[in-house]
Structure formats: C-alpha cells, structure tokens
Amino acid sequence: MDEILRTEGLSVCFGGFWALRGMDFSVRRGELRVIIGPNGAGKTTLMDLITGRTKPTEGRIFFEGHDITGKNPHEISSLYGIGRKFQGPNLFENMTAAENLLLAEPAERTVFSSLFRGASADSLKRAGAVLQKIGLDGKKSRRACELSHGERQWLEIGMLMMQKPKLMILDEPTAGMTEDETFRTGVMIRQLLGGQTVIIVEHDMKFVRQIAEKVTVFHMGHILAEGPINVIENNPEVVRVYLKSGSEGEEKSAFS
Ligand SMILES: Nc1ncnc2c1ncn2[C@@H]1O[C@H](COP(=O)(O)OP(=O)(O)OP(=O)(O)O)[C@@H](O)[C@H]1O
Ligand SMILES: [Mg+2]
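Read on for a plain summary of the structure. (Residues numbered from 1 in each chain as written. Chains lettered and ligands numbered in written order. Predicted model: local features only at pLDDT ≥ 70, side-chain atom pairs only at ≥ 80, totals over all residues.)

Quick notes on the overall build of the protein chain
Item 1. Each helix and strand counted, the protein chain has 11 helices and 10 strands in total.
Item 2. A buried classification covers 38% of the 256 residues belonging to the protein chain.
Item 3. For the protein chain, the share of sequence-separated contacts (at least 6 apart) that also reach a separation of at least 24 residues comes to 64%. (Helix = DSSP H or I, 4+ residues; strand = E, 2+ residues; numbered from the N terminus. Buried ≥ 20, exposed ≤ 12 C-beta atoms within 10 Å, placed from the backbone. Contact = placed C-beta atoms within 7 Å.)

Following this line, the structure appears as structure tokens:
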C-alpha cells in the first residue's frame, strides 16, 4: 500500500505552548489507523491541522503527494477529499435520515438534484446502500431529531460516506454511546475497509481492540509509540504514561 498522508516536522504553538512538536506522521492508503493518548496529547490538534482548521507554526502536510499545508478547510474537503466527522451534532434535525444523506452529497449536485429536481436514481441508490451500511435502513423516514444518540452518530458517519472522501477522519466516534452501540460502530467501521483510508481518534480501549490494526500513541505533542495494538498495549512506557495521566479517565481501566 502506498502512502496517502504524511506530515513532516509538523509543529503548532498556541501562545507559547507547543501542542505539537516536530511530528512526522504517515498513513498508507486503505489503512485504518487509530490514534490514542492522554487528554491534551495533541490528537485533535493534528486533525485540525490536516483538515485546515489550524495552521501549523512549522512543518508541512502532504496528501497524495500534494502539499496541502495552510490550505483552507473547504479546499481540503472538496478538492483533496479529506472528510471529517466532528464530535458535535451536524445534522439537519427536521429532515429524515435519508434526506440527510442526500444533502450530504457534494454541493453542486445537492442543491439542484436533492431539493429542487428530486434526487437522481443514482443518489437514491447510494443513499440506500449507505443506510444499510449504517444500520438505519429501517429508520430512513425518521427525522434526525427522533433518532437515538448512537443512531445520530451513525447517520453522520453515513453522511461522510456519501461524500466518498479519500481519507475519513473520525474524532471519538463512540463518545456517549452505549456498549452495544459502540460495538456496532466497530463492526460498521470494519466494513468500510478495503479501499477507504480511515483515521480514528479514540479513548475507549475495548473499542480500539475491536477495530485496530496499527495504533499511534500521542503524548505531549509527539509520537510516543506506534505499532500493532497487542504490542502497544504491552509497551511499558505507554502503560506508564497512559496510567499516570489517566488517573480518573477511561485510559486507566483500558490497560487494567
Ligand atoms: N486553539 C487552541 N488554542 C490554544 N490551545 C489549544 C488550542 N487547541 C488545542 N489547544 C491545546 O493544545 C493541547 C492539545 O489539545 P488537543 O485538543 O489536541 O488534545 P487531545 O489529544 O485531542 O485531547 P483529548 O483526548 O482531551 O481530546 C491542549 O493542551 C489544548 O488545551
Ligand atoms: Mg481531542
């Protein structure tokens, strides 16, 4: 598999505080990469940099060989194909699940085909396939506001799928989910593999074990360790750092 994303010496300084320091991070095409690490380690900051929300102080970001450093978020999502799911709700509350998916399609087509002319047969077919993948086929006519927290998260993942991003970024996709919903999310994400490149930031280690292949551990703005989940979990330094900083968080139980 070839490399799709690479950062070189990526650093960002917020008012004297270095949230990322000289980070060299790379992901191969078709890979599912999980990023873990204590609170404040810089995980979300890296996602903000990749998607153009934050500009780096130093270093560069390459996507499919293109230097995307400093590009704006719209360009990065629509031109380069990097899609991101945020933690907060991002749904059209009074639209149905199916309509939300249709509206998530790239803008040029959406406004005309979905709202004024009616969705094309092609779009409807794709939305139908996505509804099945996210387990909401039976609820396609429910309004977003009527769905459970977990179902809303899945709908957002579905909206990302509709955009067919080359790289999909999910920051804590299982936050607030029940154990059952978390497990189902893992199954859903595993189904995405085989073509789709995915980066997931996650704290729930049970979920990480369910889905992960390669894991990168962040700590204080740099990469502490990287490798297969079973090796990472037994890395003494990872255990020490995670246990130490996660005295009241999920990380502690994660390694117990
Ligand atoms: N826009 C900003 N301005 C100032 N400081 C920031 C900004 N964004 C992030 N930080 C700081 O950078 C550090 C890294 O934050 P980040 O959100 O990347 O951590 P994280 O690894 O995602 O943590 P968590 O697991 O809690 O989500 C934190 O100390 C945070 O307070
Ligand atoms: Mg974060």
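There's more to say after this.
Quick notes on the site of ligand 1
Item 1. In the neighbourhood of ligand 1, the contacting residues comprise Phe14, Ala19, Gly37, Asn39, Gly40, Ala41, Gly42, Lys43, Thr44, Thr45 and Phe218.
Item 2. The element that contributes the greatest number of residues to the shell around ligand 1 is helix H1 (residues 43-50), accounting for three residues.
Item 3. Residues that form the shell around ligand 1 fall into these classes: four nonpolar, six polar and one charged. (Near = placed C-beta within 6 Å. Nonpolar A, V, L, I, M, F, W, Y, C, P; charged D, E, K, R; others polar.)

Digging into the sheet that holds strand E1 (residues 3-14)
Item 1. Pairing in this open sheet of four strands is antiparallel, and the strands run E2-E1-E4-E5 from one edge to the other. The outermost strands of the open sheet, each flanked by one partner alone, are strand E2 (17-28) and strand E5 (66-67).
Item 2. Here E1 pairs with strand E4 (residues 58-63) via five bridges, running antiparallel. Residue Ser11 lies in a different strand from E4, and its bridge partner there is Glu58. (Pairing = 2+ DSSP bridges.)

Comments concerning the nonpolar core
Item 1. Val34, Ala97, Leu101, Leu131, Leu155, Ile169 and Val208 are the most contacted members of the largest nonpolar core, which totals 63 residues.
Item 2. Counting residues per element, this core draws most heavily on helix H6 (residues 149-162), which supplies six residues.
Item 3. If sequence neighbours within four positions are ignored, Leu101 has contacts with Ala127, Val130, Leu131, Gly158, Met159 and Met162. (Core = buried A, V, L, I, M, F, W, Y, C linked by C-beta atoms within 7 Å.)

Considering the packing of helix H5 (residues 121-133) against H6
Item 1. Close contact between H5 and H6 brings their axes to 10 Å; oriented N to C, the two are set at 140°. The orientation of H5 relative to H6 falls into the category oblique. Crossing of H5 against H6: the hand is right-handed. Here Arg126, Ala127, Val130, Leu131 and Lys133 of H5 lie close against H6, whose contacting residues are Gly158, Met161 and Met162.
Item 2. When grouped by side-chain class, the residues that make up the contact of H5 with H6 number five nonpolar, one polar and two charged. (Axes fitted to C-alpha atoms, helices over the stretch in contact; angles between N-to-C directions. Parallel < 35°, antiparallel > 145°, perpendicular 65-115°, else oblique. Left-handed = near helix turned anticlockwise from the far one by under 90°.)

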